[in-house]
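Observations on the three-dimensional arrangement
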Amino acid sequence: MKSLKVLNKYFLKYKVILGLGFLFVTLNSVLLTFPGVFLGKATNLLGQLIKHPEIKIPAGEFIWCGIYIILFAILGGFFMFLMRQTIIVMSRHIEYDQKNEIFDHYQSLDQNFYKRNYTGDLMNRINEDVSRVRMYTGPAIMYIANTLATVVTAIIFMVKVDWRMALVVIAPLPILSFIIYKVSARINEKSTALQEKLSDITSHAQESFSGVRVIKSFNRQDFFANKFENETAEYKKRGLSLALTEAFFMPFMIFMVGLSLILSVYFGGMLTISGEIKSGDISSYVFYIFRLTWPFASLGWVTSLIQRAAASQTRINEFLQTVPKIKNENTSHSEIKGKIEFKNVSFVYEETGIKALDAISFTVNPGSSIAFIGPSGSGKSTIASLICRMFDVNSGEILIDNTPIKKVNLFDLRAETGYVPQEVFLFSDTISNNISFGLKEKNAGTDEKILTAAKNAAVYENIIDFPEKFNTMVGERGVTLSGGQKQRISIARAIIKEPKILIFDDCLSAVDTETEDEILGNLEKLMKGKTSIIISHRVSSIKNADFIVVLENGKIAESGTHQQLLGYNGVYALLNKLQTVEKGG
Ligand SMILES: Nc1ncnc2c1ncn2[C@@H]1O[C@H](COP(=O)(O)OP(=O)(O)OP(=O)(O)O)[C@@H](O)[C@H]1O
Ligand SMILES: [Mg+2]
C-alpha cells in the first residue's frame with residue numbers, strides 16, 4: 001500500500017473538493033438511515049391498531065411517516081449525487097494530472113530507457129495502470145468513506161434502540177473483517193499476475209501490428225496468431241481464477257446478512273415479548289441491517305480495487321523514479337557557434353557492452369564540413385548520437401565551442417542541431433507539419449519556408465504530385481511514401497530550422513545518384529557557414545567535405561581530404577575505385 005502514498009500530493013491539491021465530498025458522503029449516510037426511524041414508528045402505530053382497534057389513530061400519522069421516508073430518501077439521493085460529483089470528478093482531475101506527469105517524465109528519459117522497456121509496457125502504464133489508480137482515488141475512497149459513515153451511523157441508531165441487540169449484530173464484524181482481509185490478499189496476488197499477462201499481450205499485439213509487412217511477407221501469420229492465442233489463453237486462465245476467488249465474496253456476505261437478520265429477529269422478539277422494546281423497533285433493526293449490507297458487501301471489492309491500484313502505482317513509480325541519465329546541467333543560454341571537438345572519445349553501449357567507438361579524436365571548425373565513411377557497424381551513427389548528446393561518453397571528452405558538452409545548455413545544443421537520422425521517422429500528420437516540426441513558433445512566412453526547405457531537399461516535385469500536396473497525410477493512416485521520399489522530407493525537416501550544426505546520417509542512401517547530386521548541390525549552398533557532419537557509405541556523397549574520416553571497428557583508419565586520402569592508396573582509395581567502377585559499369 002506504500003506505493004499509493006505518492007498520491008497524497010494530489011489529495012492535498014484537491015483538498016477542498018475532497019473535503020466537500022466527505023461531507024456529502026456523511027450527509028448521505030445519515031439521511032438514508034433516518035427512514036428506519038419512521039418505519040419503526042409506522043410499525044408501532046400498526047401494532048397499536050391491531051392490539052387496540054377501539055382507539056382511533058388519525059390516518060395523517062401514517063401518511064406523515066410515509067412522507068418523511070420519501071423525503072429523507074430524496075434528500076439522501078441528492079447528496080449521493082453531490083458526493084459523486086465531487087469525489088469522482090476529483091479522481092478524473094487526478095487521472096489527468098497523473099497522465100501528464102508520466103508523459104512528461106517519459107519525455108525526459110534517455111534512449112537507454114526506451115531500449116530497456118517495451119513500448120506496449122510504456123503504454124500500459126500510462127493508460128491501464130493510471131485507470132486502475134483512478135479506481136482508488138475515486139470509487140474506492142468514496143466507498144470507504146461511505147462504509148465508515150454508514151457503519152457509524154447505523155450502529156448509533158441501533159444502540160439507541162437497544163444496545164444488547166446492537167451487540168449481537170456488531171460482534172461478528174471483526175471475524176468478518178479478518179476473512180475479507182484474507183480473501184483480498186488472494187485477490188491481490190491473482191490480479192497482479194493478471195496484469196502482468198495483459199502487459200505481455202499488449203506488447204505482442206503492438207509488435208505484430210508494427211511488423212505486419214514482415215509477418216505477411218514471410219507468411220508467419222499463423223505463428224503470430226498462435227502465440228497471441230496462447231498468451232490470451234493464459235490471461236483467461238488467470239482471469240477465471242481471479243473471478244472464482246471474487247465470486248466467493250457475495251454468497252458469503254448474503255449468508256452473514258441472513259444470520260444477522262435471524263439473530264436480531266429472535267432477540268428482538270424475546271425483548272418485545274418481555275415488553276422491553278416495541279415491535280416497531282424490530283422493523284427499524286431490519287432496515288439498519290440492510291443499510292449495512294452493501295457497505296460490507298462492497299468491502300471486498302473495494303479492498304481489491306485498492307490492492308490493484310497499489311500494484312499499478314508500484315509499476316508507475318518504478319518508471320517515475322527512473323532518473324534521466326542525460327540531464328541539462330546548464331540553464332543559462334549557450335550561444336552555439338558550431339565548433340565540435342572529439343578528444344580521445346570511447347563509447348560502450350550499456351545494454352550490449354559493444355564498444356562502438358575507440359579513442360576517436362577530430363576537430364571541426366564552425367562552418368566547415370566533416371564526413372564519416374566506413375563499413376556497417378563501424379560507429380558512424382554513434383558519433384552522430386554523441387554530438388546530439390543522446391548518450392554521454394565513457395572516456396575522453398566532447399567539446400562544443402571549446403566547452404565540455406555536458407556544460408552546454410542541452411536545449412540550445414539540440415535547437416541548433418539539424419539531425420537527419422538514419423532511420424527516418426515521420427509523424428502521422430501532414431507533410432507540411434512534418435517539415436515544420438523543428439520550428440518552434442509558427443511565424444509568418446512559414447509556408448514560404450516549408451516550400452524552400454522542400455525544394456532544397458529535392459522533394460518538392462514529389463509533394464505537389466500528391467492530390468493534397470503539402471496537406472497530404474503521412475504515417476500510419478496516410479499515404480505510404482517511398483524510402484527516398486521519406487528521407488528527403490526528413491532532410492527538409494532538419495534544414496528548415498537553419499541550425500548551426502547539420503548532421504546527415506546516411507540520408508541519401510535511398511535516393512538515386514541523380515537526385516543525390518541535386519540534393520548535394522542544394523545542400524552545399526545551405527551548408528555555407530554551418531558545421532556539417534555527413535555520414536555515408538558512398539564516396540560520391542562525401543568527397544567534397546573539408547575533412548574525411550574513415551572508420552573501421554570504431555577506430556579511425558584514415559583521415560584527410562578526398563585528394564589526400566586518394567594519395568594514401570589505402571581503404572578509401574580502394575572504396576573509391578570499387579564505387580566508380582560500379583557507377584561506370
Ligand atoms: N542503441 C544501441 N545499443 C546497443 N548497441 C548499439 C546501439 N546502436 C549501435 N550499437 C552497436 O554499436 C556499433 C556501432 O553502430 P553504429 O550504428 O554506430 O554503426 P554505423 O557505422 O552507423 O553502421 P551503419 O553503416 O550500418 O549505419 C554496432 O556494433 C552496433 O551493434
Ligand atoms: Mg549508422
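Residues numbered from 1 in each chain as written. Chains lettered and ligands numbered in written order. Predicted model: local features only at pLDDT ≥ 70, side-chain atom pairs only at ≥ 80, totals over all residues. Heavy atoms only, no water.

1. Regarding the sheet that holds strand E9 (residues 547–552)
A sheet is described by the order of its strands in space; here 6 strands give the open sequence E6-E7-E8-E3-E9-E10, paired in mixed fashion. Both outer strands of the open sheet, strand E6 (417–420) and strand E10 (555–560), are each paired with one neighbouring strand and no more. Between one strand axis and the next, the sheet turns by 15° as a mean value, whatever way the strands run. Where strand E3 (residues 369–373) and strand E8 (residues 531–536) come together, 5 bridges link them in parallel fashion. Note on E8: the bridge partner recorded for Ile370 is Ile533. In the packing of helix H12 (residues 380–387) onto the sheet, contacts are made with E3, E6, strand E7 (501–505), E8 and E9, and the angle to E8 comes to roughly 155°. (Pairing = 2+ DSSP bridges. Helix = DSSP H or I, 4+ residues; strand = E, 2+ residues; numbered from the N terminus. Axes fitted to C-alpha atoms, helices over the stretch in contact; angles between N-to-C directions. Contact = heavy atoms within 4.5 Å.)

2. Some thoughts on the sheet that holds strand E2 (residues 355–364)
Ordered by their spatial adjacency, 4 strands build an open sheet running E2-E1-E4-E5, and the pairing between neighbours is antiparallel. In this open sheet, the two edge strands, each paired with only one partner strand, are E2 and strand E5 (403–404). Pairing analysis gives 5 bridges linking strand E1 (residues 340–348) to strand E4 (residues 395–400), with the strands arranged antiparallel. Counterpart to Ile340 in the pairing with E4 is Ile400. Against the sheet, H12 engages E1, E2 and E4, with an angle of about 115° to E1.

3. Quick notes on the confidence of the model for the protein
Across the protein, the average pLDDT comes to 86, with 98% of residues at 70 or higher. Of all secondary-structure elements in the protein, the lowest mean pLDDT belongs to helix H21 (residues 571–584), at 77, while helix H2 (residues 15–33) reaches the highest, 94. (pLDDT = per-residue confidence, 0-100.)

4. Observations concerning the side chain of Ser283
Examined against the element boundaries, Ser283 turns out to sit in helix H11 (residues 279–320). A polar atom in the side chain of Ser283 sits 2.9 Å from the backbone oxygen of Gly280. When near neighbours in sequence (up to four residues on either side) are disregarded, Ser283 contacts Leu39, Gly40 and Thr43. (Polar contact = N/O pair within 3.5 Å; in protein donor to acceptor, adjacent residues only side chain to side chain.)

5. Regarding the environment of Leu526
Relative to the helices and strands, Leu526 resides in helix H18 (residues 513–526). What Leu526 contacts, discounting residues up to four positions off in sequence, is Asn456 and Ile495.

6. Details of the coordination of the magnesium ion (ligand 2)
Every protein donor of the magnesium ion (ligand 2) is listed here as Ser381 (OG) and Gln422 (OE1), and their distances to the metal cover 1.9 to 2.2 Å. Of the two residues, Ser381 sits in helix H12 while Gln422 sits in the loop between E6 and helix H14 (431–435), which places them 41 residues apart along the sequence. Judged by relative accessible area, Ser381 falls into the partly exposed class, the value being 23%. When its relative accessible area of 39% is taken as the criterion, Gln422 is described as partly exposed. (Donors = N, O, S within 2.8 Å, 3.2 Å for Na, K, Ca; no water. Buried < 20%, exposed > 50% of the residue type's maximum accessible area, 1.4 Å probe, protein only.)

7. A few points about the site of ligand 1
Taken together, 15 residues form the shell around ligand 1, and within it Ser376, Lys380, Ser381, Thr382 and Gln422 come nearest. One of the side-chain N or O atoms of Thr382 is found 2.5 Å from an oxygen atom in ligand 1. Ranked by the residues each element gives to the shell around ligand 1, the list is headed by H12, at 3 residues. The residue makeup of the shell around ligand 1, split by class, is 4 nonpolar, 9 polar and 2 charged. (Near = heavy atom within 4 Å. Nonpolar A, V, L, I, M, F, W, Y, C, P; charged D, E, K, R; others polar.)

8. Topic: the packing of aromatic side chains
If you walk through the whole model with that rule in mind, you get 25 aromatic pairs. For the pair Phe11 and Tyr136, a centre-to-centre distance of 6.1 Å together with 65° between the ring planes defines the contact as edge-to-face. Here the residue Phe11 occupies a position in helix H1 (residues 8–13), and Tyr136 occupies one in helix H6 (residues 119–161), the gap between them amounting to 125 residues. Like Tyr136, Phe11 is buried. Centroid distance Phe347 to Phe391: 5.4 Å. Interplanar angle 45°. Geometry classified as tilted. Residue Phe347 is found in strand E1, and its partner Phe391 is found in the loop between H12 and E4; the two are separated by 44 residues along the sequence. Taken individually, Phe347 and Phe391 each receive the classification buried, so the pair is uniform in this respect. An aromatic cluster of at least three residues, connected via ring pairs, comprises Phe34, Phe38, Trp64, Tyr68, Phe72, Phe157, Tyr285, Phe287 and Tyr288. Directly above the aromatic system of Phe319 lies the positively charged group of Arg125, at a separation of 3.9 Å from the ring centroid. (Phe/Tyr/Trp six-rings, centres within 6.5 Å; stacked < 30°, edge-to-face > 60°. Lys NZ or Arg CZ within 6 Å of the ring centre and 35° of its normal.)

9. Digging into the pattern of salt bridges
All told, the structure shown has 19 salt bridges when counted by the stated rule. Its salt-bridge partner being Glu128, residue Arg132 comes within 3.8 Å of it at the nearest N-O pair. Of this pair, Arg132 and Glu128 both sit in helix H6, 4 residues apart, roughly one helical turn. The exposure class assigned to Arg132 is buried, which follows from its relative accessible area of 16%. The shortest N-O distance in the salt bridge between Lys197 and Asp200 comes to 3.4 Å. Of the two residues, Lys197 and Asp200 both sit in helix H8 (residues 173–210), 3 residues apart, roughly one turn of that helix. Judged by relative accessible area, which is 13%, Lys197 ranks as buried. In the salt-bridge network here, residues are joined through shared partners; they are Asp162, Arg164 and Glu276. (Salt bridge = Lys/Arg side-chain N within 4 Å of Asp/Glu carboxyl O.)

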